[in-house]
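# Fold and geometry: a report
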Amino acid sequence: MPSSVIPAVDRAFARRLAPGEALAADAQRIARTCYEMAVRFHHGGKLIVFGNGGPATDAQHVVVEFVHPVIVGKRALPAISLTNDAATLTGIARADGFDEVFAAQLRLLAAPEDIALGLSADGRCANVRRGLATARDLGLLTVGLLGGDGGDIARDAVADHVVVARCDDPCIVKEVHVTIYHVLWELVHVFFEHSGLLDREEIR
């Protein structure tokens, strides 16, 4: 490898070190989130995912992970992304404003047993906040995957569970979020291996 490339690789790795270590420190928080998601799926709930810009594509990716049983013998889990339908998004934005594009869909599509997962690169997306708040009011389990310092979504405890990719670089935030939602998907299936736990109100 050319010597000029090595310092660039070292700098790229260094920028990712602190967010990665912070994610490892959130292991208990992530495990609790996975458990509560597994309980909702066990009782017939579905996952509803949403976000803006880059996180909009993450919302679509999350859904793909949950709906296809990539491991032989594992369950396909019901999940939908609110970012897929441009006609719906633009129609709501025109009628009610962009801040309502996810909340309006949740009021039509969500049931109390469901899970709402909102992604925001900085925790300051008004429509993600409105979506999570609306979902919580409807009785859904709410999960926020955020970046930066978590923004007002984290500060105001809008979601039941929040995991923050502690970085201001949206590209690194995206990488950490990809890691988080793959862990969510995998650990939900781990809890399904112990289905007796999923009929309890809570796990100690």
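These figures come from a predicted structure and were not determined experimentally. (Residues numbered from 1 in each chain as written. Predicted model: local features only at pLDDT ≥ 70, side-chain atom pairs only at ≥ 80, totals over all residues. Heavy atoms only, no water.)

On to the packing of helix H5 (residues 101-109) against helix H6 (residues 126-137), then. Taken N-terminus to C-terminus, the directions of H5 and H6 make an angle of 25°; their axes are 7 Å apart at the nearest point. The orientation of H5 with respect to H6, classified from their angle, is roughly parallel. H6 is crossed by H5, and the crossing has right-handed handedness. Side by side, H5 and H6 meet where Val101, Phe102, Ala103, Leu106 and Arg107 of the first sit next to Asn127, Val128, Arg130, Gly131, Thr134 and Ala135 of the second. (Axes fitted to C-alpha atoms, helices over the stretch in contact; angles between N-to-C directions. Helix = DSSP H or I, 4+ residues; strand = E, 2+ residues; numbered from the N terminus. Parallel < 35°, antiparallel > 145°, perpendicular 65-115°, else oblique. Left-handed = near helix turned anticlockwise from the far one by under 90°. Contact = heavy atoms within 4.5 Å.)

For helix H4 (residues 86-96), the N-terminal cap is aspartate 85; the gap from its side-chain oxygen to the backbone nitrogen of alanine 87 is 3.0 Å. Glycine 97 sits one or two residues past H4 and shows a positive phi near 100°. (Polar contact = N/O pair within 3.5 Å; in protein donor to acceptor, adjacent residues only side chain to side chain.)

Turning to the packing of H4 against H5, a few remarks are in order. Their axes nearest at 9 Å, the elements H4 and H5 cross at an angle of 110°. On the basis of their axis angle, the class for H4 and H5 is roughly perpendicular. By crossing handedness, the relation of H4 to H5 is classed as right-handed. Across from Thr88, Leu89, Ile92 and Ala93 in H4, the residues of H5 making contact are Val101, Phe102, Ala104 and Gln105. For the contact of H4 with H5, a count of residues per class yields six nonpolar, two polar and no charged. (Nonpolar A, V, L, I, M, F, W, Y, C, P; charged D, E, K, R; others polar.)

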